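Chain by chain, the residues:
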Amino acid sequence: KQWYQRRVRGDWDIPVDRKHLADPGMHSIPSCTISPTGKWLACQSMDNKITVFATQKLRLNRKKEFKGHMVAGYACQCNFSPDSAYLVSGDADGRCFIWDWKTTKVYKRFKAHEGVCIGCVWLPHETSKLVTCGWDGKIKLWD
């Protein structure tokens, strides 16, 4: 829900438009990634889920919501596999989560770092390998 309010600003009586957002379900999105096909935009939300938008009209896909990780307060990256079959993300506890794209269920999770796992990316030419980086100062290659 949103509404607009006109307000007079300063000594010159200049009208200024202000926009108020009143949806408590809206959270900031510090990280986004686009799918290899260009059809989907995956957005890491601060409410501990990844929401997906269709890039054609930038509409929220309510059927694609990926949960189970804890990212509130961190700008953890999410990323697609090269074939768009999986979605990967780190979390605040140092874990790496891999979700199945079709079912939106957690396919695999593992402890990747001692601190926050801030970034995850698949190698484009060796699609069975994954690279993660964390606040422990390490970059790791997973097979």
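Remember, predicted model here, so these are calculated numbers, not experimental data.

In spatial order, the strands read β7-β8-β9-β10; together these 4 strands make up an open sheet with antiparallel pairing. A single partner strand is all that each edge strand has here, and the edge strands are β7 (78-80) and β10 (106-111). Strand-to-strand twist of the sheet, defined as the mean angle between neighbouring strand axes without regard to direction, takes the value 15°. Inspection of the sheet shows strand β8 (residues 86-90) paired to strand β9 (residues 95-100) by 5 bridges, in the antiparallel sense. For Gly90, the partnering residue across the bridge sits in β9 and is Cys96.

This part takes up the side chain of His69. With respect to the element layout, His69 can be found in the loop between β6 (59-67) and β7. Here His69 falls in the buried class, since its relative accessible area comes to 4%. Among the polar contacts made by the side chain of His69, one reaches the side chain of Gln44 at a distance of 2.8 Å. Among all residues touching His69, those that are not within four sequence positions of it are Gln44, Asn48, Lys49, Ile50, Ser89, Gly90, Asp91, Phe97 and Trp99.

Below, the discussion takes up the packing of aromatic side chains. For any pair of aromatic rings, geometry is given as the distance between the ring centres together with the angle between the planes. Scanning the model with the defined rule gives 9 aromatic pairs in all. Seen from their ring centres, Phe66 and Trp99 are 6.0 Å apart, and the 65° between their planes marks the pair as edge-to-face. Within this pair, whereas Phe66 is found in strand β6, its partner Trp99 is found in strand β9, the two being separated by 33 residues in sequence. Taken together, a centroid distance of 4.8 Å and an interplanar angle of 55° make the contact between Phe110 and Trp142 tilted. Taken together, the residues span a long stretch of sequence, with Phe110 in strand β10 and Trp142 in strand β13 (residues 139-142) at a distance of 32 residues. Residue Trp142 is classed as partly exposed on the basis of its relative accessible area, which comes to 26%. Aromatic ring contacts, followed pair by pair, group Trp40, Phe66, Phe80, Phe97, Trp99 and Trp101 into a single cluster. If you follow Lys64 out to its NZ or CZ, it ends over the ring of Trp101, 4.7 Å from the centre.

Thresholds, definitions, all that
- Residues numbered from 1 in each chain as written.
- Predicted model: local features only at pLDDT ≥ 70, side-chain atom pairs only at ≥ 80, totals over all residues.
- Heavy atoms only, no water.
- Pairing = 2+ DSSP bridges.
- Helix = DSSP H or I, 4+ residues; strand = E, 2+ residues; numbered from the N terminus.
- Axes fitted to C-alpha atoms, helices over the stretch in contact; angles between N-to-C directions.
- Buried < 20%, exposed > 50% of the residue type's maximum accessible area, 1.4 Å probe, protein only.
- Polar contact = N/O pair within 3.5 Å; in protein donor to acceptor, adjacent residues only side chain to side chain.
- Contact = heavy atoms within 4.5 Å.
- Phe/Tyr/Trp six-rings, centres within 6.5 Å; stacked < 30°, edge-to-face > 60°.
- Lys NZ or Arg CZ within 6 Å of the ring centre and 35° of its normal.

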